[in-house]
Amino acid sequence: MRSLIAVLSGDGVGPEVCEQALRVLEKLGELYGHTFEVRRAAIGGEAIDAADDPLPAATVELCRDADAVLLGAVGHPRFDGQDLRPENGLLRLRSELELFVNLRPIRTHESLTDASPIRPEYLHGVDLMIVRELTGGLYYGERGRDADRAFDTCVYTRAEIARVVRIACQMAGERRQLVTSVDKANVLDTSRLWRETASTIAADEFPDITLEHGLVDSMAMHLVTRPADFDIIVTENMFGDILSDEAAVLVGSLGMLPSASLGIGQRGLYEPVHGSAPDIAGQGVANPYAAILSVAMLLRHSLGLQAEAAAVEAAVDAALHDGFLPRDLDSTGAIDTAIAGSAVLERLQATAVAGKA
Ligand code: IPM
Ligand code: MG
């Protein structure tokens, strides 16, 4: 198979983690006989520096031509207080490509329980998927500010809610048949529409799925007190943004969470959930697993390469099992970005060789 992958490595640790993800992609190509043509473009702070635009037209064009987009991270505090912000490039790209749903899998690993501040008995068997609406709500509503007043508006249409809930219910069919829809329906009108729409979609189209509703404030608590009870959590843009960072605590670090942003068709944008981490950028110590696991999601959702995706995930699991824990997971260790990347490559190679033997 031949495919075009757009790589937007972006700011901070983005380039470092993308480099390891691309090593994995290249190795897979070698082992499984695929050609991944990689083309790069700028986004975020690096694009503001080069072109005064966090999302240059050439970047959008490349992404449209590509089968999938791999993104590192955007953001840097030196842009704080400015009108042109790196984050705006990512928000615009999601919208330009109509990537309206974001999948954030949260799976705990036995070898990482020490890295989480949550007691191990709560972490056992946690395997959930946050399905976040990605192109609506507060991040895209009308906004404004003057010196002493500012506003952001949250707007959702029934159609925007329905398409995300539908994806959540479809995924639930292949998992534990359980969807938890999260809102703030005791206060917000958008949340009441969200709840009503979710109930209708589930009842009319997915009679075998159990749909439960939760309020976002209590969900924030349940996520750490009984995380194993949930399977699919579907929610609006900002709640999903917040709950997914919280859920990272279950796994042990934000450095472990991959994500896939999808729309209509196969093309998707894949990025670690973590940010640009400017405090450790350039030191070669960032955790590359979220970026590598994002490659696994890319293989699965955009290229239809299920076995290859599973091989990458198994190689990461094996590397964790063998103790290759970057510093965000084990501050006493000396596993840097490239060592973790190499650990994954070696395990990929070993399983591919064993599979052919
Ligand atoms: C995320 C990030 C982004 C978001 C930022 C960088 C715009 O926090 O992907 O979770 O808010 O969506
Ligand atoms: Mg976030």
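These remarks concern the structure in this document.

Rules and cut-offs
Residues numbered from 1 in each chain as written. Chains lettered and ligands numbered in written order. Predicted model: local features only at pLDDT ≥ 70, side-chain atom pairs only at ≥ 80, totals over all residues. Heavy atoms only, no water. Core = buried A, V, L, I, M, F, W, Y, C linked by side-chain atoms within 4.5 Å. Buried < 20%, exposed > 50% of the residue type's maximum accessible area, 1.4 Å probe, protein only. Contact = heavy atoms within 4.5 Å. Salt bridge = Lys/Arg side-chain N within 4 Å of Asp/Glu carboxyl O. Helix = DSSP H or I, 4+ residues; strand = E, 2+ residues; numbered from the N terminus. Near = heavy atom within 4 Å. Polar contact = N/O pair within 3.5 Å; in protein donor to acceptor, adjacent residues only side chain to side chain. Areas by Shrake-Rupley, 256 points an atom, 1.4 Å probe, with all protein chains shown as cover. 1 Å grid on protein atoms, 1.4 Å probe; cavity = no way out; pocket = protein on both sides within 12 Å on 5 of 7 lines; lining within 4 Å. Sits in = over half its atoms within 2 Å of the grid points. Nonpolar A, V, L, I, M, F, W, Y, C, P; charged D, E, K, R; others polar. Phe/Tyr/Trp six-rings, centres within 6.5 Å; stacked < 30°, edge-to-face > 60°. Lys NZ or Arg CZ within 6 Å of the ring centre and 35° of its normal. Axes fitted to C-alpha atoms, helices over the stretch in contact; angles between N-to-C directions. Parallel < 35°, antiparallel > 145°, perpendicular 65-115°, else oblique. Left-handed = near helix turned anticlockwise from the far one by under 90°.

## Digging into the nonpolar core
In terms of nonpolar packing, the biggest core is built from 92 residues, with I5, L70, L103, V131, V179, Y289 and L299 touching the most fellow members. Excluding anything up to four places from it in sequence, L103 contacts M129, I130, V131, M171, P258, S259, A260, L262, M297 and H301. Counting residues in hydrophobic clusters, the runner-up holds 18 residues, among them V60, A66, L90 and L99.

## Here's the deal with the pattern of salt bridges
Throughout the structure, instances matching the rule amount to 25 salt bridges. Between R85 and D80 there is a salt bridge whose closest N-O contact spans 3.6 Å. E346 is the partner of R347 in a salt bridge, and the nearest nitrogen-oxygen pair spans 3.7 Å. The buried category is assigned to R347, whose relative accessible area is 16%. You can call E346 partly exposed: its relative accessible area is 48%. It is possible to trace a salt-bridge network through shared partners that takes in D127, R175, R176 and D231.

## Some remarks on unusual backbone geometry
Its identity is not glycine, yet D52 carries a phi of approximately 60°, on the positive side. With respect to the element layout, D52 can be found in the loop between helix 2 (45-51) and helix 3 (57-65). Phi at E98 is positive, roughly 55°, even though this residue is not glycine. As for its position among the elements, E98 is in the loop between helix 4 (86-96) and strand 4 (101-107).

## Considering the environment of L269
Structurally, L269 can be placed in strand 12 (residues 268-270). Relative accessible area serves as the criterion here: at 0%, L269 is assigned to the buried category. For the pair formed by L269 and S294, sequence separation is 25 residues and the distance between their alpha carbons is 9.1 Å.

## Topic: the site of ligand 1
In the vicinity of ligand 1, the contacting residues are E87, R94, R104, R132, Y139 and D241. Within the contact set of ligand 1, an oxygen atom lies 2.8 Å away from a side-chain nitrogen or oxygen of R104. Coverage of ligand 1 by the protein amounts to 80% of the 320 Å² it exposes when considered alone. A molecule is said to occupy a pocket when more than half its atoms come within 2 Å of that pocket's grid points, and by this definition ligand 1 occupies the second largest pocket. Taken together, the residues of the shell around ligand 1 break down into one nonpolar, no polar and five charged.

## Looking at the packing of aromatic side chains
Per the counting criterion, the structure on display carries one aromatic pair. Measuring from centroid to centroid gives 5.6 Å for Y156 and W194, while their planes differ by 75°, and the two rings are edge-to-face. Taken together, the residues span a long stretch of sequence, with Y156 in the loop between strand 7 (150-152) and helix 6 (158-173) and W194 in helix 7 (residues 189-205) at a distance of 38 residues. Each member of the pair, Y156 as well as W194, is classed as buried. Over the ring of F100 we find R163, and its NZ or CZ is 4.1 Å from the ring centre.

## Some points on the packing of helix 10 (residues 289-301) against helix 11 (residues 306-321)
Contact geometry for helix 10 and helix 11: axes closest at 7 Å, N-to-C directions at 160°. Overall, the two elements helix 10 and helix 11 adopt an arrangement that is roughly antiparallel. Like other packed secondary-structure pairs, helix 10 and helix 11 cross with a definite hand, here left-handed. Here helix 10 contributes Y289, I292, L293, A296, L299 and R300 to the contact with helix 11, which in turn contributes Q306, E308, A309, A310, V312, E313, V316, A319 and L320. For the contact of helix 10 with helix 11, the residue count by class is 11 nonpolar, one polar and three charged.

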